[in-house]
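In case you want the letters, here they are:
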Amino acid sequence: MPDQHNTQHSGFSFFQREQILKELAAEAFDVVIIGGGITGAGIALDAASRGLKTALIEKGDFAGGTSSRSTKLIHGGLRYLKQLQFHVVAETGRERAIVHHLAPHLVVPEKMMLPVLKGGSMGKGMIWMGLTMYDLLAGVKGDDRRRMLSKAETLQKVPLLPEEKVKGSGYYAEYMTDDARLTIEVVKTAVRHGARVINYTEVTDLLYDGKGMINGVSCTDRLGGRTLTVQGRFVVNAAGPWVDDLRRKDNSLKGKHLFITKGVHLVFNKETFPLDNPIYFDIPDGRMLFLIPRHGITYAGTTDTPYTGDKDHPPVLEEDVDYILNAIRYLFPTLSLDEKDVLSSWAGIRPLIYEEGKSASEISRKDEIFISEHGLISMAGGKLTGYRKMAEKVVNTIVRKGGWPGKRKCHTKNIPLTEAPFARQETVMAFREEMQKRFAHYGDHEVDEMVMKYGRKAEDILAGAEKEGKTPAIAEAEYALDHEMVCEPLDFLERRSGRLLFDIAGVRKDLEDILSLFAGRLGWDGEKRRNEEQKVRERMQEITPPFASPRT
Ligand SMILES: Cc1cc2nc3c(=O)[nH]c(=O)nc-3n(C[C@H](O)[C@H](O)[C@H](O)COP(=O)(O)OP(=O)(O)OC[C@H]3O[C@@H](n4cnc5c(N)ncnc54)[C@H](O)[C@@H]3O)c2cc1C
């Protein structure tokens, strides 16, 4: 395997693919998981940390499906309160604090503002009651408890809000994250606990024993073209929006099925859309929209429309952009944002469980396990926020069915999602300040992003950049190549670093150097390099204006 650099690999890099594929084919596993989004990653960590021999197989890149395309919040879901789904609010509400504790640099507390608007669908009393219930159900304590802000306090925090329209606001605790990074950290933690994990390997068939019970999968390595079989006593289908495709292969797609909806987000420069406080607001059609500031940018979303197109490439369309821009104009009439102001965007698809007679935004986000008569265990629905509990439910089922009484207890509540954990939020803040001072020349946004994405490792990456006179992006790409199983530039640009979404101008500047780094490390010839460049440029085109209309 070409790698001209004399670098220490962590055992989880492109250079270990051959070895991992060999082990997957040679060993018999207790659990084989299909899908490397947050659901599959969570199940792999839970199973491996209980001592089960675990394999995880992902057809594209980790988090390449829905798990890199969410609103990137670890939240209790206030909207579920509106839908009277108290159980979802309570469970996800409690989970927020746990996931924050496991990775306080990556799951960051933020106060969300819920403005009370003249003519809006929610009055002060309703917001107060909703937030009070939210806090009670989620067990929120201390300073994190909701407050009601006066009109003056609201305008002080968000001066952009129109004075004549705002009556005050609710102010409550939520958590911001980076979904793709959360997924890769859970994957890496599963690997540290012994799971065998591979990306770019597609499960093409399910295998059965003489009694018709599932006992493995056959798959194709999409980079090397090889086929292999992986044996497993239990096979878990954690394929998100593709769950029903595998249930169809299992001949068990009966009764409940998925209903897919699409959600789009748009990214703006902080100068064009100056917002320092996250906002959640109701728009005239009765839906709610998030506006989230993140180190130098503001992003807005999401839409929620039924989707039946290509699941691998949900597009951002002109009509999605218009919908979000109109919603922003409703809240900020003086802010003249246009399609051309969109820096980048993303579209994700929700694997919801169909409910008769309900519209896209009314359908519950609850998760559910389907076990087929052939033993295929499918985990459907759910949220990023609830991944740990979803995994616990699946692995509890496996342990019960497998007759492993010694493995009944789930430990993931106490397994930090980084090798060098921070004890608490204050430690993260002190570390971030120290990094900001030491690497002031890179600017606060660059440093803050690095700390959020890599925790204490940010120091090594930034120090490496400084020592070798490289840009932070190049040092970050090297880290991703050595320790995070990136196989293509887009794995790094879109999912490991998020730079394509949050700093597309920087990507344009660094692209040649990043391609050269990949070409050198992975031994590409000229044609391979041109193809990879083409993929990146096509992706950039998809997520930037002008956006396609459905007829084009
Ligand atoms: C617009 C939007 C906003 C959202 N916002 C939030 C939010 O703010 N907070 C929150 O908690 N939740 C949010 N969610 C929900 C959350 O993102 C999803 O519930 C979660 O990411 C689903 O993860 P998953 O692992 O089940 O699916 P995915 O991430 O899609 O993973 C499934 C994986 O299976 C792989 N796969 C499929 N078929 C095969 C095969 N044959 N072989 C191998 N691999 C296969 C796919 O490539 C994919 O990577 C949002 C969702 C959307 C769409």
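Residues numbered from 1 in each chain as written. Predicted model: local features only at pLDDT ≥ 70, side-chain atom pairs only at ≥ 80, totals over all residues.

J.: I'd like to hear about the overall build of the protein, residue by residue, with values.
T.: A count of helical and extended segments in the protein gives 18 helices and 18 strands. The C-alpha atoms of the protein give 23 Å as radius of gyration, which agrees with the globular expectation for 552 residues (24 Å, within 12%). Its C-alpha atoms give the protein principal-axis dimensions of roughly 70 × 55 × 55 Å. Counting only residues that meet the buried cut, the protein has 50% of its 552 residues in that class. In the protein, of all internal contacts separated by at least 6 residues, the share reaching a separation of at least 24 is 71%. (Helix = DSSP H or I, 4+ residues; strand = E, 2+ residues; numbered from the N terminus. Rg over C-alpha atoms; globule rule 2.2 N^0.38 Å. Buried ≥ 20, exposed ≤ 12 C-beta atoms within 10 Å, placed from the backbone. Contact = placed C-beta atoms within 7 Å.)

J.: Report on the pairing of strand 18 (residues 377-381), specifying residues and quantitative values.
T.: Each regular strand carries side chains that alternate between the two faces of the sheet. Burial analysis of strand 18 places five of its five residues in the buried class, which makes it a mostly covered element. The pairing of strand 10 (residues 227-237) with strand 18 spans two bridges and is classified as parallel. Bridged to Val-236 within strand 18 is Ile-377. Of the pairings in the sheet, the one linking strand 17 (residues 367-371) to strand 18 comprises five bridges and is antiparallel in character. Each bridged residue has a counterpart across the sheet, and for Ile-369 the counterpart in strand 18 is Met-379. Connecting the antiparallel pair strand 17 and strand 18 is a turn made up of five residues, with Gly-375 showing a positive phi of about 95°. (Pairing = 2+ DSSP bridges.)

J.: Quick one: what's the story with the site of the ligand, residue by residue and with numbers?
T.: The immediate surroundings of the ligand are formed by 38 residues, with Gly-35, Gly-37, Gly-65, Gly-240 and Gly-263 found nearest. Elements that contribute at least two residues to the shell around the ligand include exactly helix 2 (38-49), strand 8 (201-208) and strand 16 (342-353). Considered class by class, the residues forming the shell around the ligand number 12 nonpolar, 19 polar and seven charged. In this structure, the shell around the ligand is formed jointly by two domains, domain 1 (29-66 + 180-253 + 364-414) and domain 2 (110-175 + 260-353), each of which donates at least three residues. (Near = placed C-beta within 6 Å. Nonpolar A, V, L, I, M, F, W, Y, C, P; charged D, E, K, R; others polar. Domains from an automatic or database assignment.)

J.: Could you give me a rundown of helix 15 (residues 489-496), with the residues and numbers involved?
T.: The buried count for helix 15 comes to eight of eight residues, which makes it a mostly enclosed element. The complete set of buried residues in helix 15 reads Pro-489, Leu-490, Asp-491, Phe-492, Leu-493, Glu-494, Arg-495 and Arg-496. Tucked into the core, helix 15 has its buried residues touching helix 7 (179-192), helix 14 (472-483), helix 16 (499-502), helix 17 (504-522) and helix 18 (526-542).

J.: Please provide a residue-by-residue account of the pairing of strand 11 (residues 258-269), values included.
T.: Burial analysis of strand 11 places 10 of its 12 residues in the buried class, which makes it a mostly covered element. Of the strand pairs in this sheet, strand 11 and strand 15 (residues 305-306) are connected by two bridges, and their pairing is antiparallel. What sits directly across from Lys-262, in strand 15, is Thr-305. Sheet analysis places strand 11 next to strand 14 (residues 297-301), joined by five bridges and oriented antiparallel. Along strand 14, the bridge assignment pairs Phe-268 with Thr-298.

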